[in-house]
Amino acid sequence: MHLQTFSTPEEASEAVANLIISRINAFGPTQHHKFVLGLPTGGTPVRVYENLAERCEAGEISFEHVISVNLDEYVGLPPTHEQSYHHFMEEHFDIPPSQTHILPGVPIHPIQIITGTDPSAASEWESDLKAHQVSCAAYEALITYLGGINLLFMGIGANGHIGFNEPGSSFESRTRVVALNEGTREANARFFEDKSRVPTHALSMGLGTILDAQEIVVLALGSNKAEAIRRAVEDGINHMTPASVLQQHERVTFVADSSAASGLKEDTKEHLKLQSQSQSHSMHLARHGAAKSLITNSTNPPIDAAIDTCTSTTGDHGQRTNARPIVTLLAKGEVLLDHSEEGDEGDSLPGL
Ligand code: PGA
């Protein structure tokens, strides 16, 4: 684990932008070897996105061959809703929609997606929950076929959540529907007219999904994050502080401004700073890169190939004509029909 602390939120945000830029540039993404970047929403990442936009403008970084996958989305908010994370990303991260993947907040009924039949004829499949579960399973499949997440950038909740994995979340959890706890809804009420408007549920990458990322950077800004950072970094791994599970990850950096780091013991800061200095990430990569060979050594399939394989449980790449529209739907939250093979039963989405 690495820890970097900075006097101001601006400096901490710049450090995260630096890390993102250096990882993408070192990777050298191309058309057929894309960099997969996991991204957060909320108040924390705003300065990082501003910094990245400026440096993109200055030619320091290009996102042409970067694919983004977002951590989470509120259940029930369409992409046009001002507080949906689709909308947030459109406002803050200017990357072509074809390279952006965000879980759909509005349910897409699997019967519609998979068979193209009239959903009213299959009432048992019509529940929103089931539709969201299908989206979540396909999101997992999408990440797998993209070759995994190269770098996952996240914030942290005051209650220690990462993504929307609230206290008590399973460390093995995958992308799924989650109930937001009251503290989270209160914290996020600042973005809505009042707390009653904050959705009660969300779709979120699971802790298991997060831990599969090749590298993770967590940004914490402000004194309201101090206790969460202290528990995540100094206490033992505990379900009640979901971010503490990151202690198990071999390549994680916490970046904090001085307020967010204020709960940490001086010893902790000193120790983790020394560790960061003596164990640079490049040395770490050289020693441990092979352990992640499945992800790092696989050339990402071109995005079309990734999409085409996404719904196949048998590995028969390209043989299912319905595969591509399904993932397009999931990525964009749009409803498209009539793209499936006739008579194709809904057995194609993995994880169901
Ligand atoms: P915030 O949320 O950036 O709005 O503080 C962070 C989080 O909940 O992960």
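Computed from a predicted model, the values in this text were never measured in an experiment.

Calculation rules
All residue numbers refer to positions counted from 1 along the written sequence of the respective chain. The predicted nature of this model means local features are confined to residues of pLDDT at least 70 and side-chain atom pairs, given and counted, to a pLDDT of 80 or more, with totals for whole chains, interfaces and linings taken over all residues. Hydrogens are left out, water is left out, and the side-chain values use all remaining heavy atoms of the structure. Secondary structure elements follow DSSP: runs of H or I no shorter than four residues count as helices, runs of E no shorter than two count as strands, and numbering proceeds from the N terminus. Residue contacts follow a heavy-atom distance rule, with two residues in contact if any of their heavy atoms lie within 4.5 Å. Shrake-Rupley sampling with a 1.4 Å probe provides the accessible areas, and residues are treated as covered by the protein chains on show and by no other component. We call a set of buried residues a nonpolar core when its members are Ala, Val, Leu, Ile, Met, Phe, Trp, Tyr or Cys and they connect through side-chain atoms within 4.5 Å of each other. Here the term buried applies to any residue with accessible area under 20% of the maximum for its type, exposed to any over 50%, and partly exposed to those in between, with areas from a 1.4 Å probe on protein chains only. Strands are treated as partners if at least two bridges between them are detected by DSSP. To obtain each axis, a line is fitted to C-alpha atoms, and for helices this fit is confined to the stretch in contact; angles are then taken between N-to-C directions over 0 to 180 degrees. Throughout this document, a residue counts as near a molecule or strand when at least one of its heavy atoms sits within 4 Å of that molecule or strand. Polar contacts, as counted here, are pairs of nitrogen or oxygen atoms within 3.5 Å of one another; within protein the pair requires one atom able to donate a hydrogen and one able to accept it, and residues that are adjacent in sequence qualify only if both atoms are side-chain atoms. Residue classes follow a fixed rule: Ala, Val, Leu, Ile, Met, Phe, Trp, Tyr, Cys and Pro count as nonpolar, while Asp, Glu, Lys and Arg count as charged, and any other residue, Gly among them, counts as polar. In this scheme, roughly parallel covers angles under 35 degrees and roughly antiparallel covers those over 145, while 65 to 115 is roughly perpendicular and the rest are oblique. Handedness of a crossing is defined here by the sense of rotation of the near helix relative to the far one, left-handed for an anticlockwise turn of less than a right angle and right-handed for a clockwise turn. Call a crossover right-handed when, viewed with both strands pointing away from you, the route from the first strand across the helix to the second goes clockwise.

K.L.:
Report on the overall build of the protein, specifying residues and quantitative values.
P.N.:
Scanning the protein for helices and strands turns up 13 helices and 10 strands. Contacts in the protein between residues far apart in sequence, at least 24 positions, make up 78% of those at least 6 positions apart. Accessible area for the protein stands at about 15100 Å²; split by element, carbon and sulfur atoms hold 50% of it.

K.L.:
I'd love a proper account of the nonpolar core, names of residues and values included.
P.N.:
Counting residues in hydrophobic clusters, the biggest one holds 40 residues, and the most contacted among them are M154, I210, I216, L246 and F254. Contributions of two or more residues to this core are made by β3 (66-70), α5 (128-145), β6 (151-154), α7 (207-211), β9 (216-220), α8 (226-234) and β10 (252-257). What F254 contacts, discounting residues up to four positions off in sequence, is M1, H2, L3, Q4, V218, I229, A232, V233, A243 and L246. Among the nonpolar cores identified, the runner-up in size contains 38 residues, and I24, M89, A189 and V255 belong to it.

K.L.:
I'd love a proper account of the pairing of strand β8 (residues 201-204), names of residues and values included.
P.N.:
Sheet topology note: the strand β4 (residues 72-74)/β8 ladder contains three bridges and is antiparallel. Bridging from a neighbouring strand, E73 pairs with L203 of β8.

K.L.:
Go over the sheet that holds β8, please, and point to the residues and values.
P.N.:
The three strands lie next to each other as β4-β8-β7, forming an open sheet whose pairing is antiparallel. Taken across any chain shown, the strands that pair with only one partner, and hence form the sheet edges, are β4 and β7 (176-179). The sheet shows a mean angle of 30° between the axes of neighbouring strands, taken without regard to direction. Summarising the sheet, β7 and β8 pair through four bridges and their orientation is antiparallel. Bridging from a neighbouring strand, R176 pairs with S204 of β8. Along the sheet, α5 contacts β7 and β8; its crossing angle with β7, the most-contacted strand, is approximately 125°.

K.L.:
Summarise the site of the ligand; cite the residues concerned and give the values.
P.N.:
The local shell around the ligand consists of G42, G43, T44, G155, I156, G157, H161, R190 and K225. Interatomic distance of 2.9 Å between a backbone N/O atom of G43 and an oxygen atom of the ligand. Here an oxygen atom of the ligand and a side-chain polar atom of T44 are 2.5 Å apart. The fraction of the free accessible surface of the ligand (280 Å²) that becomes covered by protein chains is 84%. Looking at the shell around the ligand residue by residue, the class counts come to one nonpolar, six polar and two charged.

K.L.:
Explain the packing of helix α1 (residues 9-27) against helix α2 (residues 46-57) residue by residue, including any values.
P.N.:
The axes of two packed helices give the description: the angle between them and the distance between them. At a closest axis distance of 8 Å, the pairing of α1 and α2 adopts a crossing angle of 55°. With respect to each other, α1 and α2 are oriented oblique. Handedness of the crossing formed by α1 with α2: right-handed. Listed contacts from α2 to P9, E10, S13, E14, V16, A17, N18, I20 and I21 of α1 are R47, V48, N51, L52 and R55.

K.L.:
Give me the lowdown on the pairing of β3, citing residues and values where you can.
P.N.:
Across the five residues that make up β3, a large majority, five, are buried. Side chains of β3 alternate between two faces, with V66, S68 and N70 and I67 and V69 buried alike. Where the polypeptide runs from strand β2 (residues 35-39) across α2 and back to β3, its parallel neighbour, the crossover connection is right-handed. As paired elements, β3 and strand β5 (residues 100-101) share two bridges and run parallel to each other.

Shape is all these values report; function is a separate question.
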